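Take a look at the letters that make up each chain.
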Amino acid sequence: MTDPRIRPATADDVPAMVRLVHDLAAYERAPEQCVLTEEMLHERLFGERPALYAHVAEADGAVVGTAIWFLNFSTWDGVHGIHLEDLYVDPAQRGAGLGKALLTELARICVERGYSRLQWQVLDWNTPSIEFYRSLDAVDLEEWRTYRLAGEALQALGSVS
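Predicted model, so just to flag it, every value in this text is computed and none were measured.

Trainee: Quick question: what am I supposed to make of the sheet that holds strand β4 (residues 79-89) here?
Mentor: Pairing between the strands of a sheet comes from backbone hydrogen bonds, and it takes one of two forms, parallel or antiparallel. Reading across from one edge, β1-β2-β3-β4-β5 is the order of the 5 strands in this open sheet, with mixed pairing throughout. Of all strands in the sheet, those bounded by a partner on one side alone are β1 (6-8) and β5 (118-120). Neighbour-to-neighbour, the strand axes of this sheet turn through a mean angle of 35°, independent of strand direction. As judged from the 3 bridges shared by β1 and strand β2 (residues 53-59), these two strands associate in the antiparallel manner. Its bridge partner lying in β2, P8 is registered against H55. Here helix α3 (residues 98-113) sits on the sheet and contacts β1, β2, β3 (62-74), β4 and β5; the angle it forms with β4, its principal contact strand, is near 170°.

Trainee: Can you help me understand the nonpolar core in this one?
Mentor: A general trend in soluble globular proteins is that nonpolar side chains are found buried together. Grouped together as the largest cluster of nonpolar side chains are 19 residues, with contacts concentrated most on I82, L84, L87, L102 and L106. Those elements that place two or more of their residues in this core are β2, β3, β4 and α3. Examining the composition of this core, we find that 7 residues originate from one element, α3, more than from any other. When residues no more than four places from it in sequence are discounted, the contact partners of L102 are I6, H55, V56, A57, G65, T66, A67, L87 and V89. In this structure, V21, L45, L52 and I68 belong to the second largest nonpolar core, which totals 18 residues.

Trainee: Where do I start with the pattern of salt bridges in this structure?
Mentor: Pairs may arise between side chains of opposite charge once their charged atoms sit close together. Overall, the coordinates contain 8 salt bridges when judged by the stated rule. The residue D23 makes a salt bridge to R19 at a minimum N-O spacing of 3.5 Å. In this pair, D23 and R19 both sit in helix α1 (residues 14-27), 4 residues apart, roughly one turn of the helix. By relative accessible area, which is 28% here, D23 ends up partly exposed.

Trainee: Would you mind going over a nonpolar patch on the surface with me for this structure?
Mentor: On the surface, L149, L154, L157 and V160 cluster together to form a nonpolar patch covering roughly 390 Å² of accessible area. Structurally, L157 can be placed in helix α5 (residues 151-158).

Conventions and cut-offs
- Residues numbered from 1 in each chain as written.
- Predicted model: local features only at pLDDT ≥ 70, side-chain atom pairs only at ≥ 80, totals over all residues.
- Heavy atoms only, no water.
- Pairing = 2+ DSSP bridges.
- Helix = DSSP H or I, 4+ residues; strand = E, 2+ residues; numbered from the N terminus.
- Axes fitted to C-alpha atoms, helices over the stretch in contact; angles between N-to-C directions.
- Contact = heavy atoms within 4.5 Å.
- Core = buried A, V, L, I, M, F, W, Y, C linked by side-chain atoms within 4.5 Å.
- Buried < 20%, exposed > 50% of the residue type's maximum accessible area, 1.4 Å probe, protein only.
- Salt bridge = Lys/Arg side-chain N within 4 Å of Asp/Glu carboxyl O.
- Patch = residues over 30% accessible without salt bridge, like charges linked within 9 Å, V, L, I, M, F, W, Y side chains within 5 Å.
- Areas by Shrake-Rupley, 256 points an atom, 1.4 Å probe, with all protein chains shown as cover.

See below:
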């Protein structure tokens with residue numbers, strides 16, 4: 001049974017979701033790196049070719065949490081999975097089970113659709129989140145490292161002819 005506080009995001013939720021993403025960036029000590037606008041998120045979620053999905057958590061009629069995700073694919077399993085890009089609950093609403101409810105909804109979607117995994121990343125210093133994820137029996141893939149090409153390095157590699 002789906003938690004009534006959790007639902008798929010609508011276009012009307014975009015302003016609150018952008019605020020939550022910016023709050024997450026501040027929490028992760030990188031507010032200057034977050035340039036997301038309402039127009040950008042709206043286009044990615046509801047535009048002509050959406051490739052992003054989102055759910056929101058509500059309390060007293062207000063959006064107070066979000067899970068923003070997209071599909072990935074395991075060539076080993078031969079099926080899709082969910083990559084959770086952002087999970088954030090307003091600090092004033094933590095402890096009410098909203099984070100777990102958002103993850104439960106994504107896990108439900110995985111099971112319902114036959115997806116093989118629900119995956120995300122967490123900063124190594126974010127002890128409260130790490131403890132929360134461990135309480136759900138999530139596995140820390142310690143042997144895997146994340147790499148990123150961005151900015152000048154991405155431009156340099158992408159401009160090779």
